[in-house]
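Spelled out from the first residue to the last, the chains are:
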Amino acid sequence: MTRADAPASSRVRAVDDDAPTSSATPTHRRRSKPATIEPDRSSARAPDGWEKTLETIKRWRAEGPPAAVDTMGCEKIASLDGDPVGDDGKYRRYLTLTSAMLSSQTRDEINHAAMMRLRARGCTPERVAAMEEDALDALLNPVGFHRRKAGYLRETAKILLEEYDGDIPRSVEGLCALPGVGPKMAYLVMNVGWKTPTGICVDVHVHRISERLGWVPESVLGKNGSPKKKTPEDTRAALESWLPREEWIEINPLLVGFGQLTCTPLRPKCAECPLAADGSCPSAFKESTGNPKSPKPTKKRVKVEVEE
Ligand code: SF4
């Protein structure tokens, strides 16, 4: 049995549970454990009207034009090739992991183009581990932090070959122990690569839109009991506490596309949004113009969204 056969776990508690045992590539074991949060279902209360809101977004997305995520999202690259004979999905899983690792702070179009260049050179752990870092970096450019990610990809490829028989870890813990992989990527890879709904992948779009829709608590408390700035992990825990599990995989591409087309980070297009029209969005016109009855949005500093 390889390490990839280990049972999946839905919660990150002790990342070291699945830490590699070899001493050959120790760098990733020195990573600090990602802070993940357990959903509190005991006091969970689903927000009023969430089913109608979700149905409206689904209909809006189905009837509207495709978003970048629909054709170039990091899970799409794995569907371009068939499985090599006897591979049992290993190649597709590696493509999904690689694309997820490149995706942070990078637009879908840029990520997809880099993945196509990498795929043309042979995107397998064997090929990536054997590549010179400079050559790999040149292939990835202009992906965000491409130099650092080139190092992560090579290091990860070596770990996968040495410890997972060229496959990828089958748990959030194992994935998070890889260099450059955080919870957001790990949940995406579990959901898409292993087709196991393990947790909601919360990126900047899901984080922002959940907040605008009032799907997450207005404030959360830090370890010292005082209110703290909400993180994507807080949003994941809040959503998982009430959103039915059968929605966990679809909610990411659904909201990402909605965020790319309509509920954009800056100046959301509330004037054309169905959730403004039916009065179900508590944030309608607070950050955008378009409603003649609404006051002009006050000038404020532009908030830059940063992903893990
Ligand atoms: S009404 Fe505006 S803020 Fe609310 S979901 Fe639609 S675009 Fe986003």
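Note on numbering: residues in each chain are counted from 1, in written sequence order. In view of the model being predicted, local features appear only for residues whose pLDDT reaches at least 70, and side-chain atom pairs are presented and counted only at 80 or more, with totals across whole chains, interfaces and linings using the full set of residues.

### As for the site of the ligand
Phase 1 of the analysis: Residues are counted as near a molecule or strand when the C-beta atom, derived from backbone positions, lies within 6 Å of that molecule or strand. Surveying the vicinity of the ligand reveals the residues Arg212, Thr262, Cys263, Pro268, Lys269, Cys270, Cys273, Leu275, Ala276, Cys281, Ser283 and Ala284.
Phase 2 of the analysis: Residues were grouped as follows: Ala, Val, Leu, Ile, Met, Phe, Trp, Tyr, Cys and Pro as nonpolar; Asp, Glu, Lys and Arg as charged; and all remaining residues, including Gly, as polar. Residue classes in the shell around the ligand are distributed as eight nonpolar, two polar and two charged.

### Looking at helix α6 (residues 133–140)
Phase 1 of the analysis: Buried residues of α6: Leu136, Leu139 and Leu140, and no others. Each buried residue of α6 lies within a common arc of 95° when the element is viewed along its axis, so the set occupies one face. Every exposed residue of α6 that faces more than 90 degrees away from the buried side is listed here: Asp134, Ala135 and Ala138.
Phase 2 of the analysis: Here the buried face of α6 lies against α3 (90–103), α4 (108–120), α5 (125–130) and α7 (146–163). Labels follow a simple rule on C-beta atoms placed from the backbone: if 20 or more others lie within 10 Å of a residue's own, it is buried; if 12 or fewer, it is exposed; otherwise it is partly exposed. Runs of E in the DSSP output that reach at least two residues are strands. Runs of H or I that reach at least four are helices, and both are numbered from the N terminus. Directions are taken from the helix axis to each C-beta atom, and the arc is the one they span. Contacts here follow a simple rule: the backbone-placed C-beta atoms of the two residues must lie within 7 Å.

### A word on the packing of α3 against α7
Phase 1 of the analysis: To define axes, lines are fitted to C-alpha atoms, for helices over the stretch in contact only, and angles between the resulting N-to-C directions are given on a 0 to 180 degree scale. Contact pair α3 / α7: the axes reach a minimum separation of 10 Å and the direction vectors enclose 155°. Taken together, the axes of α3 and α7 are roughly antiparallel relative to one another. Here the hand of the crossing between α3 and α7 comes out right-handed. Listed contacts from α7 to Thr98, Met101 and Leu102 of α3 are Lys149, Tyr152 and Leu153. Angular relationships are summarised with four words: roughly parallel below 35 degrees, roughly antiparallel beyond 145, roughly perpendicular across 65 to 115, and oblique for the angles in between. The hand of a helix crossing depends on one turn: near helix anticlockwise from the far one by less than a right angle means left-handed, and clockwise means right-handed.

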